[in-house]
Amino acid sequence: MDHDTAARTTLIRSASEAGSRVFATILTRSPISRIDIARQTGLSQAAVTKAVSPLVAAGLVDAPPATHRDGNPGRPAAPVSIVPDAMVLLGIKVNVDEVIGVATDLATTVLAAETRPLAAHDPGSAAEAIIEVVRRLEERLGDKRDAIAGVGVSVSGDVDTSTGVVRESAIMGWADEDFGGLLQERLGRPVTLENDVHALTVGEHWFGVGLGMESFAIVTIGRGIGSGLHLNGQVVTGAFGVSGEIGHLPLADPARICSCGRRGCVEAVASTAAIAATVSAALGRDVDIEEAVRLAHAGDPAAEAAFREAAGLIGTAIATLVNLAGPELVIIGGEGVSNFDLFEKNLRDAFEAHAFGAAARCRIVTRPHTFQDWARGAAAAAIQSLVR
């Protein structure tokens, strides 16, 4: 980290609450006038001007001379904009079989990307893979590597972002692992560790479809069934860093054992591994999820029944989430979206059957997310940790 990046990081971290709100508003809504910043934040224009000045001096914000709109008389417009290349963030998504990394600017535009297979699931092996991905990203960045301000890492499970401890990750087989501390020590850079779906939600909140939206939820269908919540303008983390875990709502048959070790979880029926296991048991042979999809598309009764059951439980879980939290939009993502035609009708039917009153007006849309998008979410979480 060079002197300019260190100084900019210190400025952002030491900003007052008002200064942080102003910077976050400029970051996510550039270009924006000082008047609109005041409206968005509820601050006075004098307070906005006071907060903007050091950001401009530090090279984080660009403030060109004020000009009259369309040449007409009146108060001149003076939009300010984030300087995207003032900082670089690294975002890392840890999957069960690979590590995906991206380098982004402050607007989470991807500057470079790298992927490395993950042969073993223990924290040490995962850390080594992350270190290698970071090294390759640094090489690809060249001189821009000096602008790296932090690293965001996302992993499935119960993650305590404040301490960097992965309290439980069934997919990785981890429990009470100080993975953030391990990475901080090995990388020698600030590290933000976050739950993967929460990180994806931060990315959508600040730089994606959730920008400007007061309430939305993301539900991911794939190896796990995850959810992130954005309510009243904020991503919900919960008192203990756990929120929106609809995959572990006990809505399924208690005879179904989840990978987390509990019984009756939605994920025990609706994850890709669970669907494949159900079809395998029905056919008396091993079937992976790709074959299960092909069989369902071909009209195989066992495969169709497995997807129908999974879709019904996910729809019921989404209705439960919407009844409790009241988001205006639910975005369905994850690798399961590529086969959403197998889920859609039964999912929507179950949602409509269980959504209470006006909650049924909540829109459900799909948005495919690549694993680079998940890594961008980790970078967004690192940016958010700077601002907060």
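In this text the structure is predicted, and so the values were computed from the model without any measurement. (Residues numbered from 1 in each chain as written. Predicted model: local features only at pLDDT ≥ 70, side-chain atom pairs only at ≥ 80, totals over all residues. Heavy atoms only, no water.)

Enquirer: Sorry if this is basic, but what is going on with the sheet that holds strand β2 (residues 61–62) here?
Expert: Adjacent strands of a sheet form backbone hydrogen bonds with each other and so pair up, either parallel or antiparallel. The antiparallel open sheet is built from three strands, whose spatial order is β1-β3-β2. Where the open sheet ends on each side, the last strands, each with one partner, are β1 (32–33) and β2. Direction of pairing for β1 relative to strand β3 (residues 79–82): antiparallel, over a ladder of two bridges. Across the sheet, Ile32 pairs through a bridge with Val80, a residue of β3. Lying over the sheet, helix α2 (residues 17–29) contacts β1, β2 and β3, oriented at roughly 85° with respect to β3. (Pairing = 2+ DSSP bridges. Helix = DSSP H or I, 4+ residues; strand = E, 2+ residues; numbered from the N terminus. Contact = heavy atoms within 4.5 Å. Axes fitted to C-alpha atoms, helices over the stretch in contact; angles between N-to-C directions.)

Enquirer: Just to check I follow, could you spell out the state of the cysteines for this structure?
Expert: Each disulfide is one covalent bond, formed between the sulfur atoms of two cysteines. Inspection of every chain in the model, using the stated rule, returns zero disulfides. With no disulfide partner, Cys265 has as its closest neighbouring cysteine sulfur the one in Cys260, 3.9 Å distant. (Disulfide = S-S within 2.5 Å.)

Enquirer: In this structure, what is going on with the packing of aromatic side chains? I would like to understand it.
Expert: Note on aromatic pairs: each is described by the distance of the centres and the angle between the planes. Across all of its chains, the model carries three aromatic pairs by this definition. Taking the centre distance of 5.5 Å and the plane angle of 80° together, the rings of Phe307 and Phe343 count as edge-to-face. With a gap of 36 residues between them, Phe307 in helix α11 (residues 301–325) and Phe343 in the loop between β15 (329–333) and α12 (344–354) connect regions that are remote in the sequence. The ring of Trp374 has Lys93 sitting right over it, with the charged end atom 5.2 Å from the ring centre. (Phe/Tyr/Trp six-rings, centres within 6.5 Å; stacked < 30°, edge-to-face > 60°. Lys NZ or Arg CZ within 6 Å of the ring centre and 35° of its normal.)

Enquirer: Which parts of the structure should I look at to understand the packing of helix α3 (residues 34–41) against helix α4 (residues 45–57)?
Expert: The description of two packed helices rests on the angle between their axes and on the distance between the axes. Two numbers describe how α3 lies on α4: the axes approach to 9 Å, and their chain directions differ by 110°. Classified by the angle their axes make, α3 and α4 are roughly perpendicular. Across the interface between the two elements, Arg34, Ile35, Ile37, Ala38 and Thr41 of α3 pack against Gln45, Val48, Thr49 and Val52 of α4. Along the lines of polarity and charge, the residues of the contact of α3 with α4 split into five nonpolar, three polar and one charged. (Parallel < 35°, antiparallel > 145°, perpendicular 65-115°, else oblique. Nonpolar A, V, L, I, M, F, W, Y, C, P; charged D, E, K, R; others polar.)

Enquirer: What is the right way to read the sheet that holds strand β6 (residues 110–117) from this model?
Expert: Judged by pairing direction, the sheet is mixed, and its five strands sit side by side in the order β6-β5-β4-β7-β11 without closing on themselves. A strand with exactly one partner marks an edge of an open sheet, and here the two such strands are β6 and β11 (191–195). Averaged over all pairs of adjacent strands, the angle between their axes in this sheet comes to 20°, without regard to strand direction. Two elements, strand β4 (residues 88–94) and strand β5 (residues 98–104), share six bridges in a ladder whose sense is antiparallel. Across the sheet, the residue bridging to Gly91 is Val102, located in β5.

Enquirer: For this particular structure, what's the right way to read the nonpolar core?
Expert: The nonpolar side chains of a soluble globular protein tend to be buried with one another. One finds Phe307, Ile314, Ile318, Val330, Ile332, Phe343 and Leu347 to be the most contacted residues of the largest nonpolar core, which totals 42 residues. Ranked by the residues each element gives to this core, the list is headed by α11, at twelve residues. Judged by nonpolar contacts, the second largest core, of 31 residues, contains Val94, Ala126, Ala127 and Leu187. (Core = buried A, V, L, I, M, F, W, Y, C linked by side-chain atoms within 4.5 Å. Buried < 20%, exposed > 50% of the residue type's maximum accessible area, 1.4 Å probe, protein only.)

Enquirer: Help me out: how do you make sense of the environment of Arg145 in this one?
Expert: Among the structural elements, Arg145 can be located in the loop between α5 (123–141) and β7 (148–155). On the basis of relative accessible area, Arg145 is assigned to the partly exposed category, the value being 35%. Residue contacts for Arg145: discarding those within four places in its chain leaves Glu138 and Arg189. A distance of 3.2 Å separates polar atoms of two side chains, one belonging to Arg145 and the other to Glu138. (Polar contact = N/O pair within 3.5 Å; in protein donor to acceptor, adjacent residues only side chain to side chain.)

Enquirer: Please clarify how α12 should be interpreted in this entry.
Expert: An α-helical turn contains 3.6 residues, so a residue and the one three or four places further along point in the same direction. Residues of α12 that are buried include every one of Leu347, Ala350 and Phe351, and no others. Projected down its long axis, α12 carries its buried residues within an arc of 100°, all on one side. Of the exposed residues in α12, those oriented more than 90 degrees away from the buried face are Lys345, Glu352 and Ala353. Elements in contact with the buried residues of α12: β12 (216–221), α11, β15 and β16 (363–366). (Arc of directions from axis to C-beta.)

Enquirer: Please clarify how the pattern of salt bridges should be interpreted in this entry.
Expert: Proximity of charged atoms lets side chains of opposite charge pair with each other. A complete count under the given rule lists 19 salt bridges for this structure. The salt bridge involving Glu138 is made with Arg145; its shortest N-O contact spans 3.2 Å. Classification of Glu138 by relative accessible area gives buried; the value is 13%. Here Glu344 makes a salt bridge to Arg348, at a shortest N to O gap of 3.0 Å. On the criterion of helical spacing, the pair formed by Glu344 and Arg348 is a turn pair, its members being four residues apart in helix α12. A residue is classified by how much of its surface remains accessible, and Glu344, at 31% relative accessible area, is partly exposed. By sharing partners, the salt bridges in this structure join Glu132, Arg135, Arg136 and Glu139 into a single network. (Salt bridge = Lys/Arg side-chain N within 4 Å of Asp/Glu carboxyl O.)

Enquirer: Can you walk me through the side chain of Ser20 in this structure?
Expert: Its location among the elements puts Ser20 in helix α2. Judged by relative accessible area, which is 15%, Ser20 ranks as buried. When residues no more than four places from it in sequence are discounted, the contact partners of Ser20 are Ile12, Ala15 and Val387.

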